[in-house]
Amino acid sequence: MVKKLLFSILILLILSPHAWAKVLDIPLHKMARAKSVDLRCVTDEHKVTLSIPERWEVSRATINFSYMNSIGLLKDSSRIVVKLNGYPLKQVYLNPLAPEGSAEVILPTNLIEPGYNSITFSVSQHYAPRCENPCSDNLWTTLKLDQARMKIEYDEKTVPLKLSAISDYLFDPKISPNGEVNLIMQDTSMVSIGGIVSSGIARRFDYKKVIFSVSDDIREGVDNILIGDNVFVEGFLKNRGVNTKPGEGSLLRIMHLPKGNTKLDQSHALIIVSGADKNQIKLAAMTMAIISLPYPDTDEMTPKEFSIPDIAQYGGRSVLLPDKTYDYKTLKFGSQTFRGINPTPADVDFRLPSDFFVKQNMYADLSFSYTYGAKMRGDSVLNVSINGRHIRAIPLDRETGDLIEGYKMTIPTYLFKAGGNTITLSPILTPSVANDCEFIQTQNLFLTILETSSIKFPPMPHLVKLPRLDLFLLNGFPFTRWPDGYESLIYITDKDTRSIASAYNVMGILTQKNGYPLFAMDIVFKEPVGRDVEIFVIGTNDTIPAGIAEITPFNINGETNVPYPVIRSWEDEEQIAYSKQKSALGDDKGIFMQFQSPYKEGRSMMVATATTSAGVYELSKALLDYGVQGNIKGDVALIGLTPPDYSIYSLNVGKSFFTGKSGDISKIDFYLHSYPYIYYAALAATILIITFAAFYFLKRRWKKRMGHEKNKVD
């Protein structure tokens, strides 16, 4: 009986459509980028984007969420409605006698489409049967997204055997929770070519984290990239039961992933990057890195030539260059209409070069073109905020409505920051009716911001004071000064595959920050003595050359002066005590540092190190985490390698240096603007010198004159 029961259970599991499905169980706040959301006024909504990659076949999807509502609401006329792509799925009454609740929503799979799906939480809230203030303080409901979860069960489809799958199927930013790719290389001479491939893959994942690994054999369960010459590739595949014709030139090919000697994993791909020699292999790698269209639809191709357009400095993704006007359409903000009493704000996002030197008397020009409805109350406004700071309120006070073109606004450039910036547009649209129990018309409440609105920054020199780890994690600076990684390299101090994979993870960070494949970035295993480049050093601490280890701000080899912060001043500056000791770093920690290159003044060197190769690899994965990136500053970061909750200790203990590539500015000018007290001290000293000089001159003249008068009397 027991055997029959077990056999029956096994048959049910095999026949069950969900028995072997993969499961993604993720907190909803990871998708919504907020741990809680307040829904206010009579009506309000919040949207969460559900991304479904094309390679997923979703069999089941659910959302569980919690909420708290005001106890001043009317139960029968207050509710939450959950919609998927505009289709209502569930209604939940908001009960003032039970203000905390939870709900489960099943998402019909026939409504879930490959791509970006919109999940909307909308509320209708009332506190009185009639004559109510549409935005009363009683009207609120809080979604507890930190207690909400999204659960998706899915199977992976068969990978289409066409190279166009590289652009929109295999390496897709909609894959959650992150991408994962394994590289197999013929030998270490292929490491720089592997970097080009990794950079191209990371670019396709956009801002989604992608983790690279390196091995000498196929890694099951993930997509693999095989890099080597044609002879190596043919032998590698033959040993795994795959017979292929020998290649003659540069080759790019896709096939299903070999699994054992006879089987194929059709849900994952093996991409072959090969050629007769290293130049042909590099040609295939660069071709793979730039495929961005659903073409070609064949399973292999023979690259013949490769050319790229001219690249300007600071020409990375969404970077605004000085003295150039950018309209909102260029910044991916098309004409947008806000409607109703409580419209959702909108953001205009862009980036600035990390080494912009901002003077106090410089201004950016913002130009707004917009139109708004008639019969709105005179206190209706468009609030403009920059990086969360309220800057200006534009009045919308014409009773007949208006169309305004070129509304000018000058903003001090110091309100912006290096890296990502956000202009937030928050309309406040008020109906003209304010009397109790009078019908409120809201259809006339609209504001349209036109895509012809623009922004322009003045000419600004490039000079910045380093070290600053935060700039590297914001923009990849200074390694992305040139978008393709020109004048920069990665130095791997050992040839361990985990250190190589760590280098690819770093290249992934740089590519995603800058949005351009790193064709010109080199990877070396020999110390780059005398090189006039930006250098990133990766390896275990015992393999870092002594000449580099001795000048790091936190040397963990042998006897060293360990910095310990002891006092924090009002200016948030730390006083450092030093303990000379002989000690070691634990296996569960890594160190990330920046300092001036010993080979060239003005160039930077960065070091990512740990006691073991496994620790170095975990450190590189930690740097991929956005939470880690947002909490690192200074020139030394001590990172506890305890995912998913990494501990971070940042210090600023090394010597400062300046770097800059263009602009009519001197270091004296930089100091005077960066440290005003130096300017005032110099001004005071100049006044004193002039005063004493004048006094000395007048006193001497007076003495001469008195002596002359005395001689005349005699």
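The rules behind these values
- Residues numbered from 1 in each chain as written.
- Predicted model: local features only at pLDDT ≥ 70, side-chain atom pairs only at ≥ 80, totals over all residues.
- Heavy atoms only, no water.
- Salt bridge = Lys/Arg side-chain N within 4 Å of Asp/Glu carboxyl O.
- Helix = DSSP H or I, 4+ residues; strand = E, 2+ residues; numbered from the N terminus.
- Buried < 20%, exposed > 50% of the residue type's maximum accessible area, 1.4 Å probe, protein only.
- Phe/Tyr/Trp six-rings, centres within 6.5 Å; stacked < 30°, edge-to-face > 60°.
- Lys NZ or Arg CZ within 6 Å of the ring centre and 35° of its normal.
- 1 Å grid on protein atoms, 1.4 Å probe; cavity = no way out; pocket = protein on both sides within 12 Å on 5 of 7 lines; lining within 4 Å.
- Points joined across faces, edges and corners; volume = space filled by probe spheres on them.
- Nonpolar A, V, L, I, M, F, W, Y, C, P; charged D, E, K, R; others polar.
- Core = buried A, V, L, I, M, F, W, Y, C linked by side-chain atoms within 4.5 Å.
- Contact = heavy atoms within 4.5 Å.
- pLDDT = per-residue confidence, 0-100.
- Expected span 1.5 Å × (residues − 1).
- Pairing = 2+ DSSP bridges.
- Disulfide = S-S within 2.5 Å.

Participant: Looking at this model, I keep getting lost on the pattern of salt bridges. Mind explaining?
Facilitator: It is possible for side chains bearing opposite charge to pair when their charged atoms get close. For the coordinates displayed, the defined rule picks out 21 salt bridges. Here Lys-22 and Glu-156 are joined by a salt bridge, their closest N and O atoms 3.1 Å apart. Within this pair, whereas Lys-22 is found in strand β1 (residues 22-27), its partner Glu-156 is found in strand β9 (residues 140-156), the two being separated by 134 residues in sequence. Overall, Lys-22 belongs to the partly exposed group, its relative accessible area being 35%.

Participant: Just to check I follow, could you spell out the packing of aromatic side chains for this structure?
Facilitator: The relation between two aromatic rings is expressed through the spacing of the ring centres and the mutual angle of the planes. Within this structure, the stated rule accounts for 20 aromatic pairs. With 5.1 Å between their ring centres and 75 degrees between their planes, Phe-65 and Phe-121 make a pair best called edge-to-face. Highlighted residues: Phe-65 in strand β4 (residues 56-69) and Phe-121 in strand β8 (residues 115-124), separated in sequence by 56 residues. Per residue, the accessibility class of Phe-65 equals that of Phe-121, and both read buried. Ring centres of Phe-232 and Phe-236 lie 5.9 Å apart, and the angle between their planes is 40 degrees; on these two criteria the pair is classed as tilted. Within this pair, Phe-232 and its partner Phe-236 are both found in helix α5 (residues 230-238), separated by 4 residues, close to a single helical turn. Over the aromatic face of Tyr-207 sits the side chain of Arg-317, whose NZ or CZ is 4.3 Å from the ring centroid. Sitting over the face of the ring of Phe-525, Lys-495 holds its NZ or CZ atom 5.5 Å from the ring centroid.

Participant: Teacher, can you tell me more about empty space enclosed by the protein here?
Facilitator: Take a probe with the size of a water molecule and roll it over the atoms, and the empty space left behind shows itself. Following the criterion strictly, the structure yields 3 cavities of 30 Å³ or more and no others. The computed volume of the largest cavity comes to approximately 90 Å³. What lines the largest cavity is simply Tyr-314, Gly-315, Gly-316, Val-319, Arg-351, Pro-353, Ser-354, Asn-475, Phe-477, Thr-480, Arg-481 and Asn-514. Partitioned by chemical class, the residues of the lining of the largest cavity number 4 nonpolar, 6 polar and 2 charged.

Participant: It is not clear to me how the nonpolar core should be interpreted in this structure. Could you clarify?
Facilitator: The tendency in soluble globular proteins is for nonpolar side chains to be buried as a group. Judged by nonpolar contacts, the single largest core of 74 residues is most densely connected at Ile-225 and Phe-592. Looking at this core element by element, the count peaks at 8 residues for helix α8 (residues 497-514). Residues within four places of Ile-225 in sequence aside, it is in contact with Phe-171, Val-181, Asn-182, Leu-183, Ile-184, Val-197, Ile-201, Leu-270, Ile-271, Val-273 and Met-288.

Participant: Is there a simple way to think about the confidence of the model for the chain in this case?
Facilitator: Caution applies to low-pLDDT parts of the model: their predicted coordinates are not meant to be read in detail. Taken residue by residue, the chain gives an average pLDDT of 88. The fraction at 70 or more is 91%. Counting contacts from residues 12-19, a segment whose pLDDT is below 50, to residues more than four positions away or on other chains yields 7 contacts.

Participant: Looking at this structure, I do not really get helix α4 (residues 191-204). What am I missing?
Facilitator: Taking 1.5 Å as the rise per residue, α4 with 14 residues should run 20 Å; its terminal C-alpha atoms sit 20 Å apart, in good agreement. Looking one or two residues past α4, Asp-206 carries a phi angle of roughly 55 degrees, positive in sign.

Participant: Before we go on, may I ask you to explain the pairing of strand β14 (residues 263-275) in this structure?
Facilitator: Along any regular strand the residues' side chains alternate between the sheet's two faces. Of all 13 residues making up β14, 10 are buried, and the element is well covered by its neighbours. Bridging between strand β12 (residues 223-229) and β14 involves 6 bridges; their strand directions are parallel. In the sheet register, Asp-229 faces β14, and the bridge partner there is Gly-275. Pairing of strand β13 (residues 251-259) with β14, which is carried by 9 bridges, proceeds in the antiparallel orientation. From the neighbouring strand, Ile-254 faces β14, where its bridge partner is Ile-271. Two successive antiparallel strands, β13 and β14, enclose a turn made up of 3 residues, where Gly-260 displays a positive phi of approximately 80 degrees.

Participant: Which parts of the structure should I look at to understand the state of the cysteines?
Facilitator: As used in these notes, a disulfide is a covalent bond between sulfur atoms, one from each of two cysteines. Scanning the entire structure with this criterion turns up 1 disulfide. Between the sulfur of Cys-41 and that of Cys-135 lies a disulfide, 2.0 Å long from S to S. Here the disulfide of Cys-41 and Cys-135 is right-handed, its torsion about the S-S bond being about 100 degrees. Taken together, the residues span a long stretch of sequence, with Cys-41 in the loop between β2 (37-40) and β3 (43-52) and Cys-135 in the loop between β8 and β9 at a distance of 94 residues. Judged by its relative accessible area of 8%, Cys-41 is buried. For Cys-135, a relative accessible area of 32% gives the class partly exposed.

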